[in-house]
Each structure stands twice: as C-alpha cells, then as structure tokens.
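The primary structure of each chain is shown beneath.
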Amino acid sequence: MDQECEERVIIKRSDFPPDFLFGAATSAYQVEGTVLEDGRSLSNWDIFSHIEGNVADGSNAYIADDHYHRYLEDIEIMHSLGLTAYRFSISWSRILPRGRDGPVNKVAVQFYGNIIYKLVTKGIHPFVTLFHFEYPQELEDRFGGWLSPLMHYVDISWKSTSILLKYVSVGRL
C-alpha cells in the first residue's frame, strides 16, 4: 500500500459549524421490542417477519434492543457520546393499537413523551418520524394498508408530543 492510503484523517467537532447536529437514528420496530406489552398491537412487520422465508435468519423484533425498557440508558449513552440529535419513530401500533378506531394508548403517549423530555433535558434535539413503514396489522386486515387513516394517527401523535418538538417527518423513504 502506498503512504497516502495509510494516512489517517482526524476529524474534530471544531471542523463543523457550531450549530451542526451530530446524531443517531432508529425506528421503533427495530429497537423497541416489547411487541405485545402495554397495549401495543401487532404490526404489519410483526406478521411479515413471522412468515417463513421473509427474513433470511428468521429474526423478529419481539425483543430487539429493548429500547422500550432501556431508553434512559440509551439516552445517557447518546449524551456521553456528545450527540445533539436523535431521530426516532413513533410506533403507530403502540399509539393507536386498533389503527384507526379505538382509544389512544395513554401508556404509549407517556412513553414517547418521556423520551422527548429526557432528550431535551440532555440537550439532544428530538426528530420524530411518524411513519417508518410500520402500522397496525388491523389496518392491513381491514383496509388493505394505511391509506387514508394516516391523518388520524398523525393528528393524535402530533397533539400528544408536539410541545417539545421542532422536527417531525411523516414518512421516511
């Protein structure tokens, strides 16, 4: 190998503008786990991941990273790394377990509110994604997908979490 390829590049925070946000990102399905805990319903991904052959190693998100129980530790790690942003998704199956009908899951609203509050108190900007390709299986069974019921979910999620939020996206492509 020539000398140029072996040269190490050192990047420092000071190389970026002062308002540059260093962050991490997750999706609810990939990290939360606790698939049927505290009122969460099955999602389209829960069903998909249990169909033989759909996931090469047969894994699913029933435990995942257990962020649902360990979010305080996770936020402490983010803070210790000096992160200033965290993009995460809110699980539609957790907020509105029946998809479009039925009550709002207040335990879920509190869970996401706790995450947002803890992030803000640690100086980490929360970026919320309201739809990260996961929705209650009931919407698939009853309506063939999410289509128009999305607005009810977005409205409830926004009203429940917006007090401390500056950044929200409805889709992640």
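In the nomenclature of an unreviewed UniProt entry, the protein is known as Beta-glucosidase of Salvia splendens.

Draft legend 1. Spotlight on the overall build of the protein. From N to C terminus, the protein includes eight helices and four strands. Each helix (α) and strand (β) of the protein, taken in turn from the N terminus, gives the series α-β-α-α-α-β-α-α-β-α-α-β. Burial status across the protein gives 38% buried among its 173 residues. Across the protein, every contact between residues at least 6 apart in sequence was considered, and the portion connecting residues at least 24 apart equals 78%. A total accessible area of about 10200 Å² is found for the protein, and carbon and sulfur atoms account for 57% of it.

Draft legend 2. Inspection of empty space enclosed by the protein at higher detail. Summed over the entire model, instances satisfying the criterion amount to two cavities of 30 Å³ or more. Its volume calculated, the largest cavity comes out at about 40 Å³. Taken together, Ala28, Tyr29, Glu32, Gly33, Val35, Arg40, Ala61 and Arg94 make up the full set of residues lining the largest cavity. Taken together, the residues of the lining of the largest cavity break down into four nonpolar, one polar and three charged. Looking at the second largest cavity, its volume works out to about 30 Å³.

Draft legend 3. Region of the structure containing the side chain of His67. With respect to the secondary-structure elements, His67 resides in helix α4 (residues 67–80). In this structure His67 comes out as buried when scored by relative accessible area, which is 4%.

Draft legend 4. View of the packing of aromatic side chains. Counted under the stated rule, the structure contains 13 aromatic pairs. Centroid distance Phe16 to Phe22: 5.0 Å. Interplanar angle 80 degrees. Geometry classified as edge-to-face. Taking relative accessible area as the criterion, Phe16 reaches 29% and is therefore assigned partly exposed. The interplanar angle of 75 degrees and the centroid separation of 5.0 Å between the aromatic rings of Trp45 and Phe48 together place this pair among those described as edge-to-face. Pair noted here: Trp45 and Phe48 are both in helix α3 (residues 44–49), with a separation of three residues, about one helical turn.

Parameters at a glance
Counting restarts for each chain: residues are numbered from 1 in the order of the written sequence. Under the rules for a predicted model, residues below a pLDDT of 70 receive no local features and side-chain atom pairs below 80 are neither given nor counted, while totals for whole chains, interfaces and linings still include all residues. Side-chain descriptors were evaluated using all non-hydrogen atoms of the structure, hydrogens and water having been removed beforehand. The way it works is that DSSP assigns letters per residue, a run of H or I at least four long becomes a helix, a run of E at least two long becomes a strand, and they are numbered from the N terminus. With a 1.4 Å probe rolled over the protein chains alone, any residue whose accessible area is under 20% of its type maximum counts as buried; one over 50% counts as exposed, and the rest are partly exposed. Residue contacts are defined here by distance: any two heavy atoms, one from each residue, within 4.5 Å place the two residues in contact. Per-residue and other accessible areas follow the Shrake-Rupley method at a 1.4 Å probe size, with only the shown protein chains counted as cover for residues. Think of a 1 Å grid over the protein atoms and nothing else: a 1.4 Å probe that fits but is trapped marks a cavity, an open set flanked by protein within 12 Å on at least five of seven lines marks a pocket, and residues with an atom within 4 Å of a point count as lining. Grid points are joined across faces, edges and corners, and a volume is the space filled by probe spheres set on the points. Just so you know the grouping, Ala, Val, Leu, Ile, Met, Phe, Trp, Tyr, Cys and Pro go in nonpolar, Asp, Glu, Lys and Arg go in charged, and all remaining residues, Gly too, go in polar. Working definition: rings of Phe, Tyr and Trp (its six-membered ring) pair if their centres are within 6.5 Å, and the pair is stacked with planes under 30 degrees apart, edge-to-face with planes over 60 apart, and tilted otherwise.

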